[in-house]
Amino acid sequence: MLFRKVLGISGFDVIGEAKNGEEAVSLYTSFPKKPDIILMDHRMPIKNGIEATKQILNINKKSKIIFTSADNSIKQEALSIGAKSFLDKPFSITDLIDIIKKVSINLE
Amino acid sequence: MNEEIKAPEAKFKAIINNIKEGYFEVDLEGNLTFFNDTLCELTRFSRSELLGLNYKYITDEESRKKIFNGFNSVYKTGKELADFQYKFKDKHGKTIIGETSVYLKYDTKGNKVGFYGLFRDITKRKEEEEKFKAKLERLVDKRAKELKESEEKYRLITENANDIIDILNRNFIIEFANEQATFNILGYKSSEVVGKSVLDFLHPLDKNKGLNSLLKGTHEKEGMDEIRVRHKNGTYIWLEVKGKVFVDRNGENKGILIGRDITSRKEGELKLKESEEKFRTLTEQSFLGIAIIQDNLTKYVNKRISETFGYSIDEVMTWQPGEFIKRIHPDDRNFVVEQVRKKQLGEPNAIDQYQFRGLKKNGDIIWLEVFSITINYEGKPADFVTLIDITEKKEAEAKLKESEQQYRSTIDSIRDPIHVIDKDLKIILINNSIRKWLKILDIKEDIIGKKLNEVFTFLSKKVFNEYIQVFTTGKPLISEETSVIKDEIYYTESIKIPIFSEDLVIQVITIIRDISDHKLAQQKLKRSKRKYREAFNRSNFYKDLISHDINNILQNILSSIELSSIYLNEGKDTNELKQLLKISREQVSRGANLISNVRKLSSLEETEISTHPIEAIEVLNQSIDFLLNNYQDKKINIDIENPYKTVTVQGNELLIEIFENILINAVKHNQNFPIELKIRVSKIQKDNYNFVKFEFKDNGIGISDPDKEIIFQRAYSIDKTISGMGIGLSLVKKVLNTYQGQIWVDDRIEGDYSKGSNFVILIPEV
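Owing to the predicted nature of the structure, the values given are computational and were not obtained by experimental measurement.

Caption draft 1: Focus on empty space enclosed by the protein. Residue and element names in this part refer to chain B. In total, this model carries four cavities of 30 Å³ or more according to the counting rule given. Approximately 230 Å³ is the volume found for the largest cavity. Broken down by element, the residue count for the lining of the largest cavity peaks at three residues, all from strand 15 (residues 380-389). Split into classes, the residues belonging to the lining of the largest cavity amount to 16 nonpolar, one polar and two charged. Estimated volume of the second largest cavity: approximately 150 Å³. Along the walls of the second largest cavity sit 17 residues, with Trp437, Leu459, Glu481, Thr492 and Ile512 positioned nearest its centre. Taken together, the elements giving at least two residues each to the lining of the second largest cavity come down to helix 17 (461-473), strand 18 (477-485), strand 19 (488-501) and strand 20 (504-514).

In structure tokens, the structure reads:
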């Protein structure tokens, strides 16, 4: 809820919010127009961020996924499987916006 | 002329009247016409009474017929009838037997006119004859009777004889065969053999021999032979046949044969012969030396004996009495000679089996094993000796003994206890070390021959199964055993090594090592390692809590502050700010709760927690109140199904943590509006224990099957992927473990975890 507010203020359109990894994959699959950026947490019930990232990238390897986790230990794994960036928690709104922008530029 | 006639007539009359025989003349009717005086005297009739008397008057019917027929034949044939006898009665009625000659009388013309003859009174002679005849007949009858009795006697003897009795004629044809014996011995009826040649019944191989015997017997008047005769059933019976020639009543030479069944004897003889041949074959081919000693002489030796001692059989057989003694080693001589003496005399106290040293012809010493018995040889007791050369065995035994001594001193020098058991698990060997061990265990030392389980009563079934395995597979086995002896735990390591004989495991050597110290040190190390690992895991866990959960909390607080700042700058309404403040407050509360749980968990892990009876419903109600107070912003419907006013369980003050954790999770992981909670309290029995069952059903996000177990494990497994529930559930499980309780999670609606969860808790009822 907080990130939706933060991203909304920053001018981003949040098109979906998932409570766990499985829902994230399902939501991604259901979008007719895929999101430009996906913010992915790691520790989630049912399916974690790494597994969800792998599945989404399997569906569309061009998906831009920014990993955000308080668990720094999975940073390397997240980047190695195709996450575009990794944000250590806690991070500032500025940091988040900068990373999104950076990843968005690469999107172009 | 008349004179001439008268003179012969007178002369005739003078003669007639002077002879002692009666003279008669009768006419053709039988009337007396002329007779002399003698006739009157013989008939007691006077001349006048007699003249003209018809013969019919003085004869009976039988004589009458006889006389008529006699005279008639003379009349018809003209031939005289001499010595014609007949009976008549004299004047006094006495029967007179007369003997008459009868001639036909002619007249001068040649006509038959009557008869004449001389008559003699033969009554006395006849009476004498009759008497003699009667006497003779009596004699004949007597003899006949005696003969008959004799014949009967012989017949009975013949018929009842056990031996076959045949009578042959000169052509060897059987004329008589006694019925019973012929049938009993040969199966034939007498009628089946009579009329046939005795040779027809002989064994084909004995026919020539039989014929020769018969011919020889005929010549020598007697003979004897043993011969095979065919039984009616086709088998052959051995008969001992004795024969004798005799002359029968007709004066012909006959042979009488008496045959005795000697089949049993013959078979016995054959068996004896076979037995003797077998004995000879066996002894000649035997690898055992065989000798018969009688009167201190070697009466028999086989080839093996001669080979054993290096003498030829001829040399041995020509030994002087007692010479065999020289072939016995001087040290053993007295003993052996004594045994041989006893055996030769058949004394009962002689030793049957012994070993001694013999001397070969070349002087070499050989070890011999003797088996000897007293036998009857040629009617006297003798020593029947069997010998076997055991020199090699003895040498091998000596080597084995030496080897065993070495083996024993080796195993005795080993510090580890060692025992050897056989297939029956009987102890057959132990070393010195095991003796020391036995003393410590208060086990008597005489364990040889006893079964392993009788001696080491503390051994488990596993150990015996291991021995069976080694005996079966032939593979060595290393294992560890734990034994409780005198309330102390001993740890041993044993190596079970199979000993083979002809590919079969016959014994197992066990080398035992007391590894109790090592084991205790190992256990201490293990415990230490576990503690270290637990401490390490705890450390990691707390580090993870700080780095992750606290960072998440801080993230939320930071984001709230930053947003608040933006909102303030943008002049947003206070409601937005209030919401952000609330989030910050919640995050602070979450952090505080996390720290509290860490403390409790830490305290549980470091100390033993005691339990006591506690009233659970009251605690449950307190937990519900706590939930509702803390989540006033959420719509929570709680339905409680509890038939009991009070329920006492075995627990402690941490019970409230259990209920609160479950309830808070049910609300926190629930996006529904309203949040539905159903709490059910019941009592059940499980594994013979009474439990109080608490079920917490929610309509939250649910827990997938793979996560159903690991959600309780975070504190141990440090699975960082488990998210969202902090350390709550692992704390709950740990507390319940101290209660001997249980916890698990089911789907609220079976098979569909997304419809929410049902947390089930069992706590022992008091």
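Caption draft 2: Region of interest: the pattern of salt bridges. As enumerated under the stated definition, the model contains 54 salt bridges over all chains in all. Its salt-bridge partner being Glu17 of chain A, residue Arg4 of chain A comes within 3.0 Å of it at the nearest N-O pair. With a gap of 13 residues between them, Arg4 of chain A in helix 1 (residues 2-9) and Glu17 of chain A in the loop between helix 1 and helix 2 (21-30) connect regions that are remote in the sequence. Where Lys126 of chain B meets Glu129 of chain B, a salt bridge forms, and the shortest distance between an N and an O atom there is 3.5 Å.

Caption draft 3: Looking closely at the interface of chain B and chain A. With 30 residues of chain B in contact, the opposing surface of chain A contributes 23 residues. Connecting chain B to chain A are one salt bridge. Glu576 of chain B is the partner of Lys5 of chain A in a salt bridge, and the nearest nitrogen-oxygen pair spans 3.2 Å. Where chain B packs against chain A, one counts seven residue pairs in polar contact (both at pLDDT 80 or more). At the level of elements, helix 18 (516-570) and helix 19 (574-606) of chain B are the ones that each hand at least two residues to the side of chain B that touches chain A. Examining the composition of the side of chain B that touches chain A, we find that 17 residues originate from one element, helix 18 of chain B, more than from any other. Looking at side-chain class alone, the side of chain B that touches chain A contains ten nonpolar, twelve polar and eight charged residues.

Caption draft 4: Up close: the nonpolar core. Residues and elements named next belong to chain B. Judged by nonpolar contacts, the single largest core of 43 residues is most densely connected at Leu655, Ile658, Phe694, Phe696, Phe759 and Ile761. When residues of this core are traced back to their parent elements, those giving at least two are helix 20 (616-630), helix 21 (655-668), strand 24 (675-686), strand 25 (689-698), helix 24 (728-738), strand 26 (742-749) and strand 27 (752-764). Counting residues per element, this core draws most heavily on helix 21, at nine residues. What Leu655 contacts, discounting residues up to four positions off in sequence, is Ile614, Ala616, Val619, Val649, Tyr739 and Ile763.

Caption draft 5: Region of interest: the pairing of strand 12 (residues 297-301) of chain B. All names here are of chain B. Two elements, strand 11 (residues 289-294) and strand 12, share four bridges in a ladder whose sense is antiparallel. Pairing of Ile293 across the sheet is with Thr298, part of strand 12. What sits between strand 11 and strand 12 in their antiparallel hairpin is a turn of two residues, with Asp295 showing a positive phi close to 55°.

Caption draft 6: Looking closely at the confidence of the model for chain B. Residues and elements named next belong to chain B. Confidence in the prediction for chain B averages 87 pLDDT; 96% of positions are at 70 or higher. Counting contacts from residues 1-5, a segment whose pLDDT is below 50, to residues more than four positions away or on other chains yields one contact. Note that residues 715-725 has pLDDT below 50 and, in this model, 29 contacts with residues that lie over four places away or in other chains.

Caption draft 7: Seen up close, the pairing of strand 6 (residues 164-168) of chain B. All names here are of chain B. For strand 6, the tally of buried residues reaches four of five residues, placing the bulk of the element in the interior. Here strand 6 pairs with strand 10 (residues 253-261) via five bridges, running antiparallel. Residue pairing in the sheet places Asp166 in a bridge with Leu257 of strand 10. With three bridges joining them, strand 6 and strand 7 (residues 174-177) adopt antiparallel strand pairing. For Ile167, the partnering residue across the bridge sits in strand 7 and is Phe176. Linking strand 6 back to strand 7 in an antiparallel pair, the connection comprises five residues, with Phe172 at a positive phi of about 65°.

Caption draft 8: Spatial organisation of the packing of aromatic side chains. Residues and elements named next belong to chain B. The full count for this structure, using the stated rule, is 22 aromatic pairs over all chains. Taken together, a centroid distance of 6.5 Å and an interplanar angle of 50° make the contact between Phe24 and Phe71 tilted. Taken together, the positions of Phe24 in strand 1 (residues 22-27) and Phe71 in helix 5 (residues 61-77) put the pair 47 residues apart, joining distant regions of the chain. Considering the side-chain rings of Tyr188 and Phe201, the 5.2 Å spacing of their centres and the 75° angle between planes classify their relative orientation as edge-to-face. Taken together, the residues span a long stretch of sequence, with Tyr188 in the loop between helix 7 (179-186) and helix 8 (190-193) and Phe201 in the loop between helix 8 and helix 9 (207-220) at a distance of 13 residues.

About the thresholds
Residues numbered from 1 in each chain as written. Chains lettered and ligands numbered in written order. Predicted model: local features only at pLDDT ≥ 70, side-chain atom pairs only at ≥ 80, totals over all residues. Heavy atoms only, no water. 1 Å grid on protein atoms, 1.4 Å probe; cavity = no way out; pocket = protein on both sides within 12 Å on 5 of 7 lines; lining within 4 Å. Points joined across faces, edges and corners; volume = space filled by probe spheres on them. Helix = DSSP H or I, 4+ residues; strand = E, 2+ residues; numbered from the N terminus. Nonpolar A, V, L, I, M, F, W, Y, C, P; charged D, E, K, R; others polar. Salt bridge = Lys/Arg side-chain N within 4 Å of Asp/Glu carboxyl O. Contact = heavy atoms within 4.5 Å. Polar contact = N/O pair within 3.5 Å; in protein donor to acceptor, adjacent residues only side chain to side chain. Core = buried A, V, L, I, M, F, W, Y, C linked by side-chain atoms within 4.5 Å. Buried < 20%, exposed > 50% of the residue type's maximum accessible area, 1.4 Å probe, protein only. Pairing = 2+ DSSP bridges. pLDDT = per-residue confidence, 0-100. Phe/Tyr/Trp six-rings, centres within 6.5 Å; stacked < 30°, edge-to-face > 60°.

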